[in-house]
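# Survey of secondary and tertiary structure
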Amino acid sequence: MLRYVYYYLEEQNRIQIVGLATLAEWNGITFKEFLPEKMGEIEFPNEAIFLSDNIKQAEEKKREGIPVTFLELGETCYDSGIGIRYIFKTVEAVTREYLTEVYCREHRIPLEILETRRCKVREIDERDLERLYEIYAVPQITQYMEPLFANRQDELDYIRSYIDTIYPLYGF
C-alpha cells in the first residue's frame, strides 16, 4: 500500500507541499523530498508515488514504473507521450484520497467503495472473472443485465479496458 510520497518541486511549491504534509492527517504516509543528485533511486518503489512539477523528473520516474502525479502550472505534460494521467493544478488539490487513488490506479488495485458489517463493495478486478461467470450462470440473477462475452478472453480484455479507461476518467 502507499507509504511514501516523494516530491521534486520548485521552491515555492516545495514550501507549500511541506506545509501541507505537516498540517494534514496522512495516516502513515510519509513525504520525502527527492534529490536526484543525492538519491538517484526511490526506496521502496512499490510503496511510493512520485509528485513533481518538473516534466523530466516525472518522465524518468514514470519510465521506472513508479506512479506519477504532476503539478501543472506552466509546463505541460500532455505531450510527453509516456502516459502521465494524473495532473493537478494546485498543491491544495493533493489529498490523501487523491494520492491513494493514483497509487491504486497505477498498480491496478481496486478501490473500495463502501463497507458495512456484512458487505464490502469495491471496483471490479481481473481476478473476479471466474466468479462473474458463476453469477451469470443463474438466469434469475442476471435476467435484466447484459450478458458476458461467450469467450472468457474477450471478457477479460473488456474488464482490463474498462479498468484502464473508465475508472481513471470517471473515478469509478
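Provided above is the structure to which this section pertains.
Scope of this entry: the structure provided in the associated data block. Note that the structure is predicted; figures quoted are calculated from it, not measured.

In this section: the packing of aromatic side chains. Counted by the stated rule, this structure contains seven aromatic pairs. For the pair F34 and F50, a centre-to-centre distance of 5.5 Å together with 90° between the ring planes defines the contact as edge-to-face. Pair noted here: F34 is in the loop between β2 (30–33) and β3 (48–52) and F50 is in strand β3, with a separation of 16 residues, a long-range link. Assessed through its relative accessible area of 0%, F50 is described here as buried. Ring geometry for Y158 against Y162: centres 6.3 Å apart, planes inclined by 45°, an arrangement best described as tilted. Placement of both Y158 and Y162 in helix α6 (residues 152–170) is noted, with a separation of four residues, approximately one turn of the helix. Owing to a relative accessible area of 44%, Y158 belongs among the partly exposed residues under this scheme. Of the residues examined, Y162 reaches a relative accessible area of 29% and is grouped as partly exposed. One aromatic cluster in this structure is built from F149, Y158, Y162 and Y167. Over the aromatic face of Y133 sits the side chain of R152, whose NZ or CZ is 4.0 Å from the ring centroid.

Disulfide: a covalent bond connecting the sulfur atoms of a pair of cysteines. In this structure the tally under the stated criterion is zero disulfides. You can see C104 has no disulfide; the closest cysteine sulfur is in C119, sitting 19 Å from it. Among the residues examined, C119 registers a relative accessible area of 38% and is labelled partly exposed.

A few words on the sheet that holds strand β1 (residues 4–8). Spatially, β2-β1-β3-β4-β5 is the arrangement adopted by the five strands of the open sheet, whose pairing is parallel. Each of the sheet's edge strands pairs with one partner strand only, and the pair in question is β2 and β5 (86–88). Pairwise comparison of adjacent strand axes, ignoring direction, gives a mean angle of 25° for this sheet. As defined by bridge partners, β1 adjoins β2 across four bridges and the pair is classed as parallel. What sits directly across from Y6, in β2, is K32. Of the strands in this sheet, β1, β2, β3, β4 (68–71) and β5 are in contact with helix α3 (residues 96–107), which crosses β5 at around 160°.

Okay, the nonpolar core next. Core analysis: the biggest nonpolar cluster contains 22 residues, and V5, I17, W26, F31, L51, V94 and L99 have the highest contact counts within it. Contributing elements (two or more residues each) for this core: β1, α1 (11–23), β3, β5 and α3. Top contributing element to this core by residue count: α3, with five residues. Contacts of L99, omitting those with residues within four sequence positions, involve L2, V5, W26, F31, I49, L51, T69 and V94. The next biggest cluster of nonpolar side chains, apart from the first, holds 12 residues, and it includes F34, A48, F50 and I84.

Criteria and cut-off values
Residues numbered from 1 in each chain as written. Predicted model: local features only at pLDDT ≥ 70, side-chain atom pairs only at ≥ 80, totals over all residues. Heavy atoms only, no water. Phe/Tyr/Trp six-rings, centres within 6.5 Å; stacked < 30°, edge-to-face > 60°. Helix = DSSP H or I, 4+ residues; strand = E, 2+ residues; numbered from the N terminus. Buried < 20%, exposed > 50% of the residue type's maximum accessible area, 1.4 Å probe, protein only. Lys NZ or Arg CZ within 6 Å of the ring centre and 35° of its normal. Disulfide = S-S within 2.5 Å. Pairing = 2+ DSSP bridges. Axes fitted to C-alpha atoms, helices over the stretch in contact; angles between N-to-C directions. Contact = heavy atoms within 4.5 Å. Core = buried A, V, L, I, M, F, W, Y, C linked by side-chain atoms within 4.5 Å.

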